[in-house]
Structures are given as structure tokens and as C-alpha cells.
Amino acid sequence: MNSFKIKSYAKINLALNVTGKKSKLHNIESLISFIDLHDSITLRESKIKQHKINFFGKFSKNISKINTISKLLKILDNKNLLNNKKYEIKVIKNIPQKAGMGGGSMNAASLLNFFIEKKIIKLKKSEIRKISNEIGSDVILGIKPSFAILLSNGDIKKYKNKIKFYILVAKPNFGCSTKYIYSKVNSFSKPQFNPPKQKLFEAKYLKNLDNHLEKVALNKYPELKIIKSYLSGLHDTLFARMSGSGSSIVAYFHSKKACKKACSQYKRKFNSHWCIESKTI
Ligand SMILES: C[C@](O)(CO)[C@H](O)COP(=O)(O)OP(=O)(O)OC[C@H]1O[C@@H](n2ccc(N)nc2=O)[C@H](O)[C@@H]1O
Ligand SMILES: Nc1ncnc2c1ncn2[C@@H]1O[C@H](COP(=O)(O)OP(=O)(O)OP(=O)(O)O)[C@@H](O)[C@H]1O
């Protein structure tokens, strides 16, 4: 049986506003980009009776048997969409968990993309959205991933080649619970990204935006305040901001050289933290 390699890219939120709460979930608007960091998924059809999913690598600890991939496969099996085919799936986890980088969500999204692109399953857009939402809010962003503006009414506008940043992603030795961070949000802001304007792709405008969830996380975790302030204070940093519900803090640069220099400075200062150089894709 053929085996296929799938790259499951990490996402970052360049900006995020919480604009209300109508149900169990908050209404948000956000600017999302994918970055050149990915989990590697290997998938092989197999004669086994049950799907087999194994996680390996630096960030594979404590991922339970019920995970975003098993949830997706269960949904597809319940709808009999895989025609009883069973798969052996190995995931090398390079994206840290609870980092605000969508690691778990994008594993499910990349697999769903694969099944659709290989015509193993056929789904309407509405069905794809429904299945994605059953697994988690970020999953839909990873369907045909590209720079996206998530509007507070749930619409997603996708763009190609609109932004190019070199980035430093830093994460302390703890993660943030998305549920907890959202539970501490006690105010909302007016939507700013609809209709999408050209300035949303420009550093001079982006630097003055916010991540509404950052205030909660920095209050709870003073170490994140220290990381953000250090990165913001570096000479060539355009701006630094927490991604998603944390705990990663992203610093943005116009040049690879500036980013590299910042990364070596950061690693000297915070040698126990996880820190990578990457870029938006
Ligand atoms: C912070 C972001 O990553 C930004 O892209 C997303 O909004 C969160 O996406 P996610 O990690 O997939 O979050 P989920 O696993 O769907 O939700 C976890 C929990 O976070 C809270 N949650 C999540 C998303 C949202 N819009 N409002 C919420 O209040 C809910 O309590 C939910 O039960
Ligand atoms: N495929 C998966 N990869 C990583 N973690 C997973 C996966 N499936 C379930 N989990 C569990 O979900 C938790 C959150 O994982 P992760 O933070 O990667 O998900 P996410 O919500 O997509 O990303 P984030 O909220 O950090 O943006 C992990 O700590 C782990 O226990």
C-alpha cells in the first residue's frame, strides 16, 4: 500500500479581537498566517481492523488516544465516508502544544484536506465547515491554508502572497489553556477588519493592532510580559504579539538577518525557552 507524506503547518494570529459572545464560543475576528514550521504526517492504508495513530517527536507527550485525528476519522467513519478503509497514521510533532499555533487543529485539517484532494471523500463546503467545527474552532482555517481574515460573523476571506515577515517564535516552558484564557475575557471590542482593507497587510498598521487574549494571558503569566517586552525592545523588531490563546509570543521582522540576530540574542537571554526562526508562507 502507498504511503503519503502530509505537512501540517502551524498558524499564527497576527491580530485577534473578541467582539462578543453569542453561544458557548466567543465571536472573534483575526488575521491568520501559516508559517514555515510543520508537523510531518505519514499516512498509509492498512488491512488493520481499526485506524492506528501514533505521535512521535519533541512535542508528542500526553496526546491521548482521543485526539484531533481520531475525532476526524470517527466522524468520517460514522458518515461511512472512508468506505471502511483503515489507515495507519504517524505524526512527528514539531509544533508545541498549547502554544496558540494550532498544532492539534491543523493535524485534523491537513488530513481532511488530503482526503478531499485525493478524492477519497467528497464533501460540500457546508459539510466541511460542520465537520471542522465539530473538532475545534481553528480547524476550518487549515482547509486550503493561506493568509486569512476571519471576520466576526464567521466568514473567512483568503489571500495569497499578501504578507511576508520573518518571525521569531518564542515559548516558555508552559502552555496556555484556550478554554481558560477565553473564560477570563470580560470585555469586547468593535469589529475592525470588515470590510478588509489593504492596510491590514501593512506592518505600520499591523503594529498598532492587538491580540485581545494577550491581556488575559500576560496578567496570568508575568513571564509572558517579560518575553513580549524583551522582544519588543530589540532594535529591528517591527512588533511582538502573542499568537492565539498563547503561550507563544511572535516577533516580526522585515529581514532574515534581523530575525537571525534577534534569535541568537533571545537564546542567550532565555536559554531554557523554545525559540525558532521562521517566516510566513
Ligand atoms: C484562539 C484561537 O486559536 C484563535 O485562532 C481560536 O479561537 C481557538 O481555537 P481552538 O484552539 O481550536 O479552540 P477550541 O478547541 O475550539 O475551543 C476550546 C475552548 O475555548 C473557548 N473558545 C474557543 C474559541 C472561541 N471562539 N471562543 C471560545 O470561548 C471555549 O471554551 C472552547 O471550549
Ligand atoms: N493532533 C494533536 N496534536 C497535538 N495535541 C493534540 C492533538 N490532538 C489532541 N491534542 C490535545 O490537545 C491539546 C491542545 O493541542 P494544541 O495546542 O496543539 O491544539 P490547538 O488548539 O490546535 O492549538 P492552540 O490552541 O495551541 O492554538 C494538547 O495539549 C493535546 O493534549
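All values reported here derive from a predicted model rather than from experimental measurement.

Observations regarding the overall build of the chain
Step number 1: Broken down by element type, the chain carries eight helices and 10 strands.
Step number 2: For 281 residues, the compact-globule estimate of 2.2 N^0.38 gives 19 Å, and the chain sits close to it at 19 Å.
Step number 3: Taken along its principal axes, the extent of the C-alpha atoms in the chain is 55 × 40 × 35 Å.
Step number 4: Counting every position in the chain, which comprises 281 residues, the buried fraction comes to 53%.
Step number 5: Considering only contacts in the chain between residues 6 or more positions apart, those separated by 24 or more positions represent 75%.
Step number 6: For the chain, the exposed surface amounts to about 14500 Å²; the carbon and sulfur share of it is 51%.
Step number 7: For the chain, the distance from the average site of its 55 positive side-chain charges to the average site of its 17 negative ones is 1 Å.

So, the site of ligand 2
Step number 1: Neighbouring ligand 2 are 18 residues; Q97, K98, G100, G104 and S105 lie closest to it.
Step number 2: Contact distances for ligand 2 include 2.9 Å between a nitrogen atom and a side-chain N or O atom of K93.
Step number 3: One of the backbone N or O atoms of G102 is found 2.8 Å from an oxygen atom in ligand 2.
Step number 4: Contact with the protein chains hides 81% of the accessible area of ligand 2, taken as 600 Å² for the molecule alone.
Step number 5: Ranked by residues supplied to the shell around ligand 2, first place goes to helix 2 (residues 103-117) with four residues.
Step number 6: Grouping the constituent residues of the shell around ligand 2 by class yields four nonpolar, 11 polar and three charged.

Quick word on the side chain of N113
Step number 1: Here N113 lies in helix 2.
Step number 2: Judged by relative accessible area, which is 9%, N113 ranks as buried.
Step number 3: Residues within four places of N113 in sequence aside, it is in contact with G142, I143, K144 and P145.

Side note on the site of ligand 1
Step number 1: Neighbouring ligand 1 are 17 residues, the closest being N13, H26, S137, D138 and Y182.
Step number 2: A distance of 2.6 Å is found between an oxygen atom of ligand 1 and a side-chain nitrogen or oxygen belonging to D138.
Step number 3: A distance of 3.1 Å separates an oxygen atom of ligand 1 from a polar atom in the side chain of K179.
Step number 4: Its free accessible area being 640 Å², ligand 1 has 81% of it covered by the protein chains.
Step number 5: Of the residues belonging to the shell around ligand 1, the class tally is five nonpolar, eight polar and four charged.
Step number 6: Viewed by domain, the shell around ligand 1 spans two of them, domain 1 (3-157) and domain 2 (161-279), each represented by three or more residues.

Rules of the game
- Residues numbered from 1 in each chain as written.
- Chains lettered and ligands numbered in written order.
- Predicted model: local features only at pLDDT ≥ 70, side-chain atom pairs only at ≥ 80, totals over all residues.
- Heavy atoms only, no water.
- Helix = DSSP H or I, 4+ residues; strand = E, 2+ residues; numbered from the N terminus.
- Rg over C-alpha atoms; globule rule 2.2 N^0.38 Å.
- Buried < 20%, exposed > 50% of the residue type's maximum accessible area, 1.4 Å probe, protein only.
- Contact = heavy atoms within 4.5 Å.
- Areas by Shrake-Rupley, 256 points an atom, 1.4 Å probe, with all protein chains shown as cover.
- Lys, Arg positive; Asp, Glu negative; His and termini not counted.
- Charge placed at Lys NZ, Arg CZ, Asp CG, Glu CD.
- Near = heavy atom within 4 Å.
- Polar contact = N/O pair within 3.5 Å; in protein donor to acceptor, adjacent residues only side chain to side chain.
- Nonpolar A, V, L, I, M, F, W, Y, C, P; charged D, E, K, R; others polar.
- Domains from an automatic or database assignment.

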